[in-house]
Protein chains: 4
Amino acid sequence: MTDSSPLPRVFSSDNTAGASPEIAEAVARAATGAALPYGTDDLTARVRTRLGEIFEREVDVLIVSSGTAANGLSLATLTPPWGSVLCHRDSHINNDECGAPEFFTAGAKLVPLGGADAKIDPAQLRAAVRHRSGDVHSVVPSVVSVTQATETGAVLTPDELGVLSDITREGGLRLHMDGARFAGAVSALDASPADLTWRAGVDLLSFGATKNGTMTADAIVVFDRSLTPELSFRTKRGGQITAKSRFHAAQLDAYLADGLWLRNAERANAMAARLQDGLAEIPGIELLGETAANIVFCRLPQQVTEKLLADGFVFYHDRWEPGVVRLVTSFATTRDDVDDLLRAATDAASTGGA
Amino acid sequence: MTDSSPLPRVFSSDNTAGASPEIAEAVARAATGAALPYGTDDLTARVRTRLGEIFEREVDVLIVSSGTAANGLSLATLTPPWGSVLCHRDSHINNDECGAPEFFTAGAKLVPLGGADAKIDPAQLRAAVRHRSGDVHSVVPSVVSVTQATETGAVLTPDELGVLSDITREGGLRLHMDGARFAGAVSALDASPADLTWRAGVDLLSFGATKNGTMTADAIVVFDRSLTPELSFRTKRGGQITAKSRFHAAQLDAYLADGLWLRNAERANAMAARLQDGLAEIPGIELLGETAANIVFCRLPQQVTEKLLADGFVFYHDRWEPGVVRLVTSFATTRDDVDDLLRAATDAASTGGA
Amino acid sequence: MTDSSPLPRVFSSDNTAGASPEIAEAVARAATGAALPYGTDDLTARVRTRLGEIFEREVDVLIVSSGTAANGLSLATLTPPWGSVLCHRDSHINNDECGAPEFFTAGAKLVPLGGADAKIDPAQLRAAVRHRSGDVHSVVPSVVSVTQATETGAVLTPDELGVLSDITREGGLRLHMDGARFAGAVSALDASPADLTWRAGVDLLSFGATKNGTMTADAIVVFDRSLTPELSFRTKRGGQITAKSRFHAAQLDAYLADGLWLRNAERANAMAARLQDGLAEIPGIELLGETAANIVFCRLPQQVTEKLLADGFVFYHDRWEPGVVRLVTSFATTRDDVDDLLRAATDAASTGGA
Amino acid sequence: MTDSSPLPRVFSSDNTAGASPEIAEAVARAATGAALPYGTDDLTARVRTRLGEIFEREVDVLIVSSGTAANGLSLATLTPPWGSVLCHRDSHINNDECGAPEFFTAGAKLVPLGGADAKIDPAQLRAAVRHRSGDVHSVVPSVVSVTQATETGAVLTPDELGVLSDITREGGLRLHMDGARFAGAVSALDASPADLTWRAGVDLLSFGATKNGTMTADAIVVFDRSLTPELSFRTKRGGQITAKSRFHAAQLDAYLADGLWLRNAERANAMAARLQDGLAEIPGIELLGETAANIVFCRLPQQVTEKLLADGFVFYHDRWEPGVVRLVTSFATTRDDVDDLLRAATDAASTGGA
């Protein structure tokens with residue numbers, strides 16, 4: 001139960017946080033009265049309008065119940081079954097969705113590429129884009145999928161995105177963005193959502209709301225609107241058009257109103273920065289990779305990891321390599337949460353140990 | 001917007017109703033604090049416990065965001081791709097899910113059967129169950145899917161269900177129930193949920209909560225628990241394991257607490273009965289088929305249909321055959337809604353016309 | 001072994017016949033020397049040229065190893081997964097391919113329609129073509145598949161085909177022809193292959209060579225050549241591009257040379273006509289439906305069926321309804337085969353019985 | 001045309017060779033008389049018997065028209081759609097089948113592993129077998145696929161195979177062998193077919209006949225016979241059960257009779273050995289990797305490659321890395337073919353150049 005067994009010191013993922021109060025209120029407000037179903041309700045229309053304002057152009061929107069569905073449906077619309085999806089080897093679509101992209105695409109192939117900070121290396125992308133394209137014995141490179149912010153918390157700058165986008169377009173491929181931490185990237189880069197997406201050639205965006213304050217609602221933002229009919233059929237067929245769509249739409253409507261989505265991201269980013277700054281001060285702790293959003297990777301001495309676990313902090317460790325720890329903040333992380341962790345780590349680090 | 005443009009006289013579907021206040025409150029309550037993600041939270045566990053009590057045995061539960069997903073995932077777990085799903089020709093899975101069963105099953109074939117009141121005719125089922133089973137040139141009859149209550153609002157009695165179940169089992173097939181209006185059937189039959197499902201051989205049940213008071217949460221109830229691992233992988237891969245699962249679980253938890261799910265169904269059924277009784281009194285109106293749950297099919301004179309539409313009543317008409325109208329009530333339908341409609345119909349009927 | 005246990009009186013299907021001697025010689029001739037693989041060989045090119053001559057226009061050709069593959073790959077290229085294939089309820093694709101169309105299309109839906117002599121009824125087609133097209137909750141009518149000659153041995157005349165084709169085009173659907181007995185239809189109708197296909201709007205034709213004299217080679221003839229790249233990828237991915245493609249091509253090359261394909265079909269048709277004429281003379285035997293190609297349906301008295309079986313004749317009976325028998329001739333059927341059967345039937349019929 | 005434009009100096013692949021005369025004769029012999037269709041003929045039964053003798057145990061056999069189909073159908077039977085196939089990154093299934101494994105498996109994931117000579121590295125396999133098995137967010141390691149002989153012409157010794165097999169079994173996975181050059185491996189290792197397959201834990205074998213002397217017939221050999229029903233349905237549904245199955249069976253029957261399959265492989269291997277020995281003598285040429293079967297990888301000076309191409313030799317070059325050449329022999333390669341190539345290479349090498 002959420003109220004009886006609180007998890008107060010959770011740094012394992014942003015998906016352990018709850019929802020913003022504004023969103024909870026909007027959902028409650030939507031509970032009364034009749035509304036049209038299956039995405040034809042007024043709230044869904046308003047979400048589309050709001051996203052159009054945010055992205056400075058007309059967009060279409062498909063509201064879904066998970067980022068995995070947003071990614072799978074988007075990729076299925078951008079590649080034929082005999083195509084390949086070029087992505088980073090550490091990407092969520094490649095590792096953490098139980099093959100959902102392969103399911104939704106009817107068997108397209110994910111081609112894992114390398115690159116620092118979970119960003120696709122441009123040289124590797126350039127080679128992969130051309131790889132046996134048109135050879136009937138090979139899958140056809142069809143879509144590039146980038147993650148913003150990346151799985152390690154780094155952000156793709158407009159320039160970095162531009163490089164990947166140019167390679168994509170020159171090869172005649174489509175561009176998908178998994179915006180799992182899109183709000184965090186917008187906030188960190190202080191860039192316009194338009195510059196980070198369609199102006200850089202993104203065809204479809206998995207908007208990534210769930211981790212940043214909504215409950216169960218995520219969205220696909222459609223920039224190439226010629227894709228909307230196909231995407232709509234796929235979404236229905238994938239069981240992702242909820243009957244009482246207003247309840248998903250209400251979450252996104254409140255999330256987008258008055259900049260809540262960016263305020264939440266700013267908070268999460270600020271807490272990650274505070275964490276980084278604090279960890280950098282502690283002897284024996286090594287920060288790993290660049291971080292601009294809400295994920296911090298670091299190497300901790302064994303006794304520090306053990307102390308933090310003993311104190312009830314929850315986080316992933318020893319999953320990537322021994323000693324490596326991932327700490328994730330969210331819009332619900334407080335200064336006290338961060339400072340408590342830093343204090344415990346400082347204590348443990350000074351005690352020495354193995 | 002739901003508040004600015006009310007749809008006060010909606011009889012088109014139960015999915016235009018909102019959510020029960022208890023459910024809205026439970027969702028708001030779940031918004032604060034941390035909770036484990038992806039179905040590992042305490043509320044999800046409590047939903048499983050509650051369903052175990054309701055069904056008088058241990059069950060597994062997969063929470064999903066639509067009945068279409070519940071049906072598709074269930075069927076995929078019960079039939080191989082080269083199998084067939086025997087169902088009524090008027091069933092939702094056959095007509096209204098854009099081929100979701102075919103998608104989730106990787107291409108199984110739905111075999112449409114006839115029968116009055118959208119119930120599968122036992123003689124047709126008996127023939128279909130045996131049809132070329134084992135012949136490598138034919139799909140293999142693998143699963144029977146029944147709907148409770150049916151698409152026309154009729155209910156399968158325990159005896160009727162038993163007949164279909166016996167044929168299913170004798171043929172070595174699995175049994176799926178699309179419980180789109182399951183609460184309504186339980187309420188109408190005054191039967192135990194156990195008798196209407198696993199005691200009658202049902203392997204997997206699409207629980208059908210959305211139409212009856214929840215917002216975006218539906219569930220697959222697993223009676224043959226050996227299916228749970230496969231079903232879990234399919235659910236994840238289908239993008240249906242929501243990160244912040246507590247928000248779906250909270251809806252079902254409140255829905256099942258204190259008998260809310262049955263109270264809601266009783267209300268919807270009672271309003272349909274009131275509607276039927278009233279319509280039966282009106283000269284020129286013909287009730288079609290038996291109805292025990294919340295759907296009423298009738299034949300209306302043209303001028304009655306036109307008058308109701310002119311008065312702002314919303315419902316499907318002329319979709320099945322000319323003159324045939326479907327009226328659906330929900331837990332949110334009021335006596336006034338019904339009486340207003342009856343009054344308008346009475347007026348129009350007495351006016352005469354074509 | 002084919003030589004030790006001959007099946008001399010086989011009327012069960014045309015697929016029990018062997019291959020034309022010219023084809024066997026061509027295959028043997030192709031066995032020596034090197035040739036390019038995977039459809040890039042000279043014989044494959046020549047087959048394409050020959051089909052271009054036969055169809056009086058440039059065509060593309062994909063050579064495959066079964067009619068089932070030809071049908072499945074063609075349909076997959078003509079419908080999206082959320083589309084429907086409108087076909088006759090007795091069609092091979094609907095009944096006898098173990099769901100291959102569903103497999104190759106990634107889950108499209110076959111919509112079975114009625115009509116005499118296994119020809120789609122135009123009125124039913126007209127309704128089906130429009131059925132909820134564009135409604136996101138329904139599969140989208142996408143392709144019509146007709147069989148030539150039909151599963152009962154009837155042929156679609158150019159006029160009949162024109163009617164179905166017009167309905168197809170007006171609805172914006174694509175047209176596929178399962179030419180399982182295409183040569184038989186051309187021969188029976190004395191019509192041009194072009195008139196029976198692309199001039200009547202056929203996009204893709206399953207050519208249907210195997211039943212009429214080749215060994216293992218069948219072909220998809222592509223009239224809408226914009227489909228060729230997609231079809232090629234699907235064919236490779238479906239395991240249907242054979243490495244030593246010359247051996248399939250050699251079969252079709254000889255089959256098409258000097259009119260062998262039509263001579264074979266004429267023989268099969270002539271033998272079916274002889275059979276029909278003879279059966280019509282026998283008291284108590286009822287011919288069922290029109291037949292122009294090599295399939296004869298009839299109703300036999302029980303003692304006639306038993307006598308024929310006892311005499312070693314092989315054929316399907318009691319599969320459609322009690323008393324109904326299907327007799328199929330092939331290019332290898334001889335006058336003696338037919339006359340022997342007629343004699344045995346005459347004897348048994350005159351004996352009387354139940 | 002094969003006879004008018006001979007390709008006498010082809011070292012590009014073994015699939016440019018024709019068929020053994022014994023096989024051509026067997027096919028011609030099968031052309032007359034009636035035979036049962038769809039794999040129920042006597043020749044198919046005899047192929048099964050012969051394979052049972054060769055493998056020293058009862059086996060089931062599915063005859064198909066390509067190695068790609070054999071691999072795809074086998075893998076689909078060994079992994080669920082949410083499973084992964086562990087294979088070498090250079091394997092044919094991973095690179096050269098246009099995603100056929102993904103198609104037949106309905107979207108399983110191929111996990112590419114490294115290792116010298118296109119053999120899977122045991123340490124990498126050990127890690128991959130355990131990787132997140134059972135975690136619902138990840139695909140489940142389900143089957144290991146090894147190639148025999150490998151894509152570079154190396155052979156897996158019984159010991160090497162045993163190591164991979166032990167890891168596979170300990171992890172609870174299934175074992176598939178792509179026997180593209182299986183006869184070559186048997187011949188090179190002088191090992192029993194049984195020891196190289198089921199005694200080492202192989203569940204399903206793609207037999208690999210096409211490259212070694214048959215025309216269009218390949219086979220799946222089933223050691224775990226509980227898989228046969230599923231495999232049969234998949235094979236039919238995949239369009240791979242040819243109507244006139246005797247013509248595929250006749251090829252395999254002759255191929256297996258009197259040891260033809262091994263004689264053909266011995267010839268191909270001997271010619272590759274002769275090629276290697278000759279190349280090793282030529283200054284400036286570097287042999288790459290071990291070779292026991294019919295594939296030779298080497299690094300040639302630029303002027304040697306150019307001279308060979310100018311002289312009409314056909315082979316792949318500069319596809320892997322600059323200067324790297326692949327030469328493949330077959331059962332049809334002659335001593336003169338090899339000696340001509342060696343002579344030309346010697347001449348070019350002595351001329352000097354860049």
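Structure: see above.
Residues numbered from 1 in each chain as written. Chains lettered and ligands numbered in written order. Predicted model: local features only at pLDDT ≥ 70, side-chain atom pairs only at ≥ 80, totals over all residues. Heavy atoms only, no water.

**Q** Got a minute to help me understand the pairing of strand 11 (residues 324–328) of chain A in this structure?
**A** Side chains on a regular strand alternate between the two faces of the sheet. Residue and element names in this part refer to chain A. For strand 11, a buried count of 5 out of 5 residues is recorded, marking the element as mostly surrounded by other parts of the structure. In this sheet, strand 11 lies alongside strand 9 (residues 295–299) in antiparallel orientation, the contact comprising 5 bridges. Paired with V296 across the two strands is L327, which belongs to strand 11. Pairing geometry for strand 10 (residues 316–317) and strand 11, over 2 bridges, is antiparallel. Across the sheet, Y316 pairs through a bridge with R326, a residue of strand 11. (Buried < 20%, exposed > 50% of the residue type's maximum accessible area, 1.4 Å probe, protein only. Helix = DSSP H or I, 4+ residues; strand = E, 2+ residues; numbered from the N terminus. Pairing = 2+ DSSP bridges.)

**Q** Before we go on, may I ask you to explain the relation of the copies chain D and chain C in this structure?
**A** Relating the two copies of this chain is a rotation about some axis coupled with a shift parallel to it. After a rotation of 180° and a shift along the axis of 0.0 Å, chain D superposes on chain C with an RMSD of 0.0 Å. In symmetry terms, the pair is related by a two-fold rotation axis. (Least-squares fit on C-alpha atoms with pLDDT ≥ 70 in both.)

**Q** Hey, could you run me through the interface of chain B and chain C in this one?
**A** A common measure of how large an interface is: the accessible area buried when the components associate. In this assembly, 18 residues from chain B lie in contact with 18 residues from chain C. Remark: the boundary between chain B and chain C carries 4 salt bridges. With its nearest N and O atoms 2.8 Å apart, the salt bridge here joins K109 of chain B to E102 of chain C. Our count for the contact surface shared by chain B and chain C stands at 12 residue pairs in polar contact (both at pLDDT 80 or more). Looking at the side of chain B that touches chain C, the elements that each hand over two or more residues are helix 4 (92–95) and strand 3 (109–113) of chain B. (Contact = heavy atoms within 4.5 Å. Salt bridge = Lys/Arg side-chain N within 4 Å of Asp/Glu carboxyl O. Polar contact = N/O pair within 3.5 Å; in protein donor to acceptor, adjacent residues only side chain to side chain.)

**Q** Just to check I follow, could you spell out the sheet that holds strand 1 (residues 60–64) of chain A for this structure?
**A** Within a sheet, adjacent strands bond to each other through the backbone by hydrogen bonds, running parallel or antiparallel. All names here are of chain A. Across the sheet, 7 strands lie side by side as 1-7-6-5-4-2-3; this open sheet has mixed pairing. Both edges of this open sheet fall to strand 1 and strand 3 (109–113), since each of them pairs with a single strand only. Direction aside, neighbouring strands of the sheet carry axes that sit 25° apart on average. Here strand 2 (residues 83–88) runs beside strand 4 (residues 140–147); their pairing, made up of 4 bridges, is parallel. Note on strand 4: the bridge partner recorded for V85 is V143. Packing of helix 2 (residues 42–54) onto the sheet brings it into contact with strand 1 and strand 7 (218–222), and relative to strand 1 it is tilted by some 125°. (Axes fitted to C-alpha atoms, helices over the stretch in contact; angles between N-to-C directions.)

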